[in-house]
Amino acid sequence: EFLRSVRSHIGAATDLSDGGLALAAFEMAEAAGLGLMLDAGDIATLFGEDQARYLIACDADAAAAIAKAAAAAGVPCAVVGKFGGNDLQFGGTSRPMAELSGIYRTAFAHAVA
């Protein structure tokens with residue numbers, strides 16, 4: 001309900017129920033051809049598969065508007081990172097998105113071949 005109420009500020013959104021924040025953010029970044037930096041480094045935050053958490057991609061002005069609306073609605077909201085560059089960075093680790101995209105796109109085929 002909250003996401004629908006702020007939809008004009010959202011560029012993209014997804015739930016974190018399959019793979020958590022790390023995988024959802026990677027998939028968004030990869031689809032957009034962007035790098036990604038996540039502020040979190042702990043396993044629970046990065047990979048917790050909670051159906052009640054969502055990742056929203058938007059610009060800085062929209063983030064401020066969403067945060068204000070979330071506070072008014074009593075909905076928890078936090079900035080968790082940013083999209084841009086050519087690398088994936090979180091938990092003290094940094095790898096080129098191109099390398100990770102190749103692994104992501106071919107891992108299943110390699111595992112069952």
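Residues numbered from 1 in each chain as written. Predicted model: local features only at pLDDT ≥ 70, side-chain atom pairs only at ≥ 80, totals over all residues. Heavy atoms only, no water.

**Observations regarding helix H2 (residues 20-32)**
Here is step 1: When the terminal C-alpha atoms of H2 are compared, their 19 Å separation across 13 residues agrees well with the 18 Å that a helix rising 1.5 Å per residue should span.
Here is step 2: Residues of H2 that are buried: Gly20, Leu21, Ala22, Ala24, Ala25, Phe26, Met28, Ala29 and Glu30. (Helix = DSSP H or I, 4+ residues; strand = E, 2+ residues; numbered from the N terminus. Expected span 1.5 Å × (residues − 1). Buried < 20%, exposed > 50% of the residue type's maximum accessible area, 1.4 Å probe, protein only.)

**Section: the confidence of the model for the protein**
Any region with low pLDDT has predicted coordinates that should not be read closely.
Here is step 1: Considering every residue of the protein, the mean pLDDT works out to 93; 100% of them sit at 70 or more.
Here is step 2: Ranking the helices and strands of the protein by mean pLDDT puts helix H4 (residues 60-73) first, with 97, and helix H5 (residues 97-112) last, with 90. (pLDDT = per-residue confidence, 0-100.)

**Topic: the packing of H2 against H5**
Here is step 1: For the pair H2 and H5, the least separation of the axes is 11 Å and the interaxial angle reads 105 degrees. Judged by the inter-axis angle, H2 sits roughly perpendicular to H5. Residues Leu23, Phe26, Glu27, Ala29 and Glu30 of H2 form the contact with H5, whose participating residues are Met97, Leu100, Ser101, Tyr104 and Arg105.
Here is step 2: Partitioning the contact of H2 with H5 into residue classes produces 6 nonpolar, 1 polar and 3 charged. (Axes fitted to C-alpha atoms, helices over the stretch in contact; angles between N-to-C directions. Parallel < 35°, antiparallel > 145°, perpendicular 65-115°, else oblique. Contact = heavy atoms within 4.5 Å. Nonpolar A, V, L, I, M, F, W, Y, C, P; charged D, E, K, R; others polar.)

**Topic: the pairing of strand S5 (residues 87-90)**
Here is step 1: For strand S2 (residues 36-38) and S5, the ladder comprises 2 bridges, and the chain directions are parallel. From the neighbouring strand, leucine 36 faces S5, where its bridge partner is leucine 88.
Here is step 2: By the bridge criterion, 4 bridges tie S5 to strand S6 (residues 93-96) in an arrangement that is antiparallel. Within the sheet, the bridge partner assigned to leucine 88 lies in S6 and is arginine 95.
Here is step 3: As consecutive antiparallel partners, S5 and S6 are separated by 2 residues, and within that stretch glycine 91 has a phi angle of approximately 55 degrees, a positive value. (Pairing = 2+ DSSP bridges.)

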